[in-house]
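As a plain string of letters, each chain reads:
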Amino acid sequence: ENGKSENLWYEEVIPRSSKFYFFVAVPEEDIAAYEVEFEGYMLENIVQIGANATIGYGFCKISKML
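Residues take numbers from 1 onward in each chain, read along the sequence in its written order. Confidence filtering applies because this is a predicted model: local features only for residues at pLDDT of at least 70, side-chain atom pairs given and counted only at 80 or more, and all residues used for totals across whole chains, interfaces and linings. With hydrogens and water stripped out, all remaining heavy atoms of the structure feed into the side-chain values.

Brief notes about the overall build of the protein
Then step 1. Every helix listed is a DSSP run of H or I at least four residues long, and every strand listed is a run of E at least two residues long, numbered separately from the N terminus. The number of helices and strands found in the protein is one helix and two strands.
Then step 2. Radius of gyration here is computed from C-alpha atoms only, and the compact-globule reference equals 2.2 Å multiplied by the residue count raised to the power 0.38. A compact globule built from 66 residues should have a C-alpha radius of gyration of about 11 Å, whereas the protein, at 17 Å, is more than 25% larger.
Then step 3. Taking the principal axes of its C-alpha atoms as reference, the protein extends roughly 55 × 25 × 20 Å.
Then step 4. When each of the 66 residues of the protein is scored for burial, the buried share is 6%.
Then step 5. In this description, contact between two residues means that some pair of their heavy atoms is separated by no more than 4.5 Å. Considering only residue pairs separated by 6 or more positions, the protein has 22% of its internal contacts joining residues 24 or more positions apart.
Then step 6. What sets the accessible areas is the Shrake-Rupley method with a 1.4 Å probe; for residues, cover comes only from the shown protein chains. Per element, the accessible surface of the protein, about 6700 Å² overall, is 56% carbon and sulfur.
Then step 7. A positive count includes Lys and Arg, and a negative count includes Asp and Glu. His and the chain ends are not counted in either. By convention, the point assigned to a charge is CZ for Arg, NZ for Lys, CD for Glu and CG for Asp. In the protein, 5 positive and 11 negative side-chain charges are present, and the distance between their average locations comes to 10 Å. Buried means the residue's accessible area, taken with a 1.4 Å probe over protein chains only, is under 20% of the maximum for its type, while exposed means over 50%, and partly exposed covers the values in between.

Here you go:
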């Protein structure tokens, strides 16, 4: 009514084919161990980011670029 939102958060639905890029910073001495853990889990599983998993939102596949 007055233009003020009482919502605690906002949601945005993005197209299914959207691509997001991110980097992971790891101390140089931990790179080998982290790569094993990262590749062993993140690259082998579907990851859910955010909420609404029960309606299919937030699911993504992560792949390594370098």
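The discussion continues.
Digging into a nonpolar patch on the surface
Then step 1. The grouping of V13, I55 and Y57 at the surface amounts to a nonpolar patch, some 310 Å² of accessible area in total.
Then step 2. Assignment of secondary structure puts Y57 in the loop between strand 1 (46-48) and strand 2 (59-61). Patch membership is restricted to residues that have no salt bridge and whose relative accessible area is over 30%. Joining uses 9 Å for like charges and 5 Å for the nonpolar side chains Val, Leu, Ile, Met, Phe, Trp and Tyr. Think of a salt bridge as a Lys or Arg side-chain nitrogen and an Asp or Glu carboxyl oxygen that are within 4 Å of each other.

Quick notes on the environment of N45
Then step 1. Assignment of secondary structure puts N45 in the loop between helix 1 (31-41) and strand 1.
Then step 2. For the pair N45 and K61, spaced 16 residues apart in sequence, the C-alpha separation works out to 7.2 Å.
Then step 3. Excluding residues that lie within four positions of it along the chain, N45 makes contacts with G40 and K61.
Then step 4. Polar contact criterion, stated in full: a pair of N or O atoms within 3.5 Å, where within protein one must be able to donate a hydrogen and the other to accept it, and residues adjacent in sequence count only if both atoms are side-chain atoms. At a separation of 2.7 Å, a polar atom in the side chain of N45 contacts the main-chain carbonyl oxygen of Y41.

Some details on the environment of A51
Then step 1. Topologically, A51 is positioned in the loop between strand 1 and strand 2.
Then step 2. Take A51: its relative accessible area is 55%, and that puts it in the exposed class.

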